[in-house]
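Chain by chain, the residues run as shown.
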Amino acid sequence: MEEIKTEPMRVQKPGYFIESPVFPSVNELKDILGLRDSTIQTNEIALQYFEEIGNAKEEGINNFLKQMGDKYKISHGTNKFSFLKSTIHGSYIVQTYNIAESFFKSLIREYRYYKNISGDSWKTKNENGETIDVFNQLLYNLPNASRALVEEKPEYKLLDYYRLVRNANVHLHIDRDKINGYYNKYVVPNKQYFQSNYSGIQNAPNSIYDINFEDFQLYTRALKYFSNHINNACDLQISEIAQKAAEDKDLQNYMRKFHLLPQKRRMKLIGYYRGKHRMTAESMKHSKQFADYFIKHYCNDSTSSKKKRGK
């Protein structure tokens, strides 16, 4: 019989996949980014279509912009289309950062919840007494080895750079030359990496003075994919999830009610896990591990025997 040769499975770039049990906020991030990205991309379609029509007009795009503003009675603030386009692209970064900031705040809450980290133990300022932004605050409180896993990747500096770009778009007094220096030092050396590993990215990342639509595309994709790597660095454990699930009174009541029906009880636990930590190839494996761990350590029939042994 002829031997069937199989090609090795191709790993999708940039190659960040969920390995540890997933934090709920990491799943939610994907949904929120998907919805926001669709609105921004639709806006960009309209912008490029307007530019195409305006450039074909005999009077030029700036006059065409003024005419359309007058026609629809919308005050647009400027008749210079190039400035308007640049400002809109900057706003894409601002909108994406707003999602990123909310995500990191949620991830911090979840990390502290599952790891039982009190407010007194959580650091919000560095050694110099300066307040740390939420992304770096999360990393600052991770174990050193986990923190290094994140900071060694090119995406770490990229996400931090777009945070600075956002700040400059919101707070106009910020020194843009200083941010451009950060870009040249930390982002430019990895420009080829981003263009090779992120499909369709050919003209990004850019200087703060030249932000375009591809910067938004790179930012949102890097945030989406790199969140998987951040999740793994946060190292959520099955035992930690089970400990918190044991505090759920409704779940415990169900476990007692069906203690003589082990399969039904196990399926309930698998469904409980997937409801909070999403249905993925990895979560299927983790959900079964969670069910087995919970039954062994927290169900009445096993915990009662432990208590007897402890007397």
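Residues numbered from 1 in each chain as written. Predicted model: local features only at pLDDT ≥ 70, side-chain atom pairs only at ≥ 80, totals over all residues. Heavy atoms only, no water.

### A few points about the nonpolar core
Which entries qualify depends on this criterion: Definition of nonpolar core: a set of buried residues of the types Ala, Val, Leu, Ile, Met, Phe, Trp, Tyr and Cys, connected through side-chain atoms within 4.5 Å. Burial status follows relative accessibility: with a 1.4 Å probe on protein chains alone, a residue under 20% of its type maximum counts as buried, one over 50% as exposed, and anything between as partly exposed. A run of H or I in DSSP becomes a helix once it reaches four residues, and a run of E becomes a strand once it reaches two; helices and strands are each numbered from the N terminus. The contact criterion used is simple: two residues touch if any of their non-hydrogen atoms lie within 4.5 Å.
Counting 66 residues, the largest nonpolar core has F104, Y161, Y162, I230, F290 and F294 as its most contacted members. The element contributing the most residues to this core is helix 3 (residues 81-115), with 10 residues. The contact partners of F104, leaving out residues within four places of it in the chain, are V134, F135, L138, L223 and I230. Core analysis: the next-biggest nonpolar cluster, separate from the first, contains seven residues, I40, L47, I61 and Y92 among them.

### Comments concerning the side chain of S227
If you trace the backbone, S227 turns up in helix 9 (residues 213-234). Aside from chain neighbours lying at most four places away, what touches S227 is V26, L29, K30, F103 and A222.

### Overview of the confidence of the model for the protein chain
The predicted coordinates ought not to be read in detail in places where the model reports low pLDDT. Basically, it comes down to this: How sure the predictor is of each residue is captured by pLDDT, a score from 0 to 100.
Of all residues in the protein chain, 91% attain a pLDDT of 70 or more, and the chain-wide mean is 90. Predicted confidence for residues 1-11 stays below pLDDT 50, and this span has one contact to residues more than four positions away or in other chains. Considering only residues more than four positions removed or in separate chains, one finds that residues 302-311, a stretch of pLDDT under 50, has seven contacts.

### Focus on the side chain of E110
Keep this limit in mind: Neither His nor the chain ends is counted toward charge; the positive residues are Lys and Arg and the negative residues Asp and Glu. Salt bridges are defined as contacts in which a side-chain nitrogen from Lys or Arg sits within 4 Å of a carboxyl oxygen from Asp or Glu.
Of note, E110 is situated in helix 3. Buried within the structure, E110 lacks any salt-bridge partner; its nearest side chain of opposite charge belongs to R109, at an N-O separation of 7.0 Å. Non-local contacts of E110, meaning those with residues more than four positions away in its chain, are made with F23, P24 and S25.

### With respect to the pattern of salt bridges
In this structure the tally under the stated criterion is seven salt bridges. D70 is the salt-bridge partner of K66, the closest N and O atoms lying 3.1 Å from each other. In this pair, K66 and D70 are both assigned in helix 2 (residues 61-71), four residues apart and thus about one turn of the helix distant. The class of D70 is partly exposed, set by a relative accessible area of 48%. Residue R266 is joined to D292 by a salt bridge in which the shortest nitrogen-to-oxygen separation is 2.9 Å. Separated by 26 residues along the polypeptide, R266 in helix 12 (residues 262-277) and D292 in helix 13 (residues 281-298) bring together distant segments of the chain. Its relative accessible area of 21% is what places R266 among the partly exposed residues. Three or more residues joined by partner-sharing salt bridges are found here, namely D133, D160 and R163.

### Digging into empty space enclosed by the protein
As a reminder of what qualifies: A cavity here means a set of points on a 1 Å grid, drawn over the protein atoms and nothing else, where a 1.4 Å probe fits but cannot get out; a pocket is an open set with protein on both sides within 12 Å along at least five of seven lines, and a residue lines either one if it has an atom within 4 Å of a point. Grid points are joined across faces, edges and corners, and a volume is the space filled by probe spheres set on the points. Throughout, the ten residues Ala, Val, Leu, Ile, Met, Phe, Trp, Tyr, Cys and Pro are labelled nonpolar, Asp, Glu, Lys and Arg are labelled charged, and all others, Gly among them, are labelled polar.
In the structure shown here, the tally under the stated rule is one cavity of 30 Å³ or more. Estimated volume of the largest cavity: approximately 90 Å³. Every residue lining the largest cavity is listed: Y97, A100, E101, F104, D133, V134, F135, L159, R163, Y219 and L223. For the lining of the largest cavity, the secondary structure elements donating two or more residues are helix 3, helix 4 (134-140), helix 6 (154-170) and helix 9. It is helix 3 that contributes the most residues to the lining of the largest cavity, four residues altogether. When the residues that make up the lining of the largest cavity are grouped by side-chain class, the tally is eight nonpolar, no polar and three charged.

### Quick notes on the packing of helix 6 against helix 7 (residues 176-187)
Filter applied, for reference: What counts as an axis is a line fitted to C-alpha atoms, over the stretch in contact for a helix, and the angles between N-to-C directions run from 0 to 180 degrees. Here is the rule for angles: anything less than 35 degrees is roughly parallel, anything more than 145 is roughly antiparallel, 65 through 115 is roughly perpendicular, and the remaining ranges are oblique. Left-handed is the label given to a crossing in which the near helix is rotated counterclockwise from the far helix by less than a right angle, and right-handed is the label when the rotation is clockwise.
Orientation of helix 6 relative to helix 7, taken along the N-to-C sense of each, is 170°, at an axis distance of 10 Å. It follows from the interaxial angle that helix 6 and helix 7 lie roughly antiparallel. Helix 7 is crossed by helix 6, and the crossing has left-handed handedness. Between helix 6 and helix 7, the residues in contact are K157, L158, D160, Y161, L164, A168 and N169 and R176, I179, Y182, Y183, Y186 and V187, respectively. Across the contact of helix 6 with helix 7, the residue classes break down as nine nonpolar, one polar and three charged.

### What to know about the packing of aromatic side chains
Selection criterion: Aromatic contacts are taken between Phe, Tyr and Trp rings whose centres are within 6.5 Å, Trp giving its six-membered ring; a plane angle under 30 degrees counts as stacked, one over 60 as edge-to-face, and the others as tilted. Look at NZ for Lys and CZ for Arg. If either is within 6 Å of the ring centre and within 35 degrees of the ring normal, a charge sits over the ring.
Per the counting criterion, the structure on display carries 25 aromatic pairs. A centroid spacing of 5.6 Å and a plane angle of 40° characterise the contact between Y273 and F290, whose relative ring orientation is tilted. Of this pair, Y273 sits in helix 12 while F290 sits in helix 13; the two residues are 17 residues apart in sequence, bridging distant segments of the chain. The same class applies to Y273 as to F290, namely buried. Each member of the aromatic cluster is reached from another via a ring pair, and the members are F23, Y111, Y113, Y114 and W122. The aromatic ring of Y186 is capped on one face by K157, whose charged end is 4.0 Å from the ring centroid.

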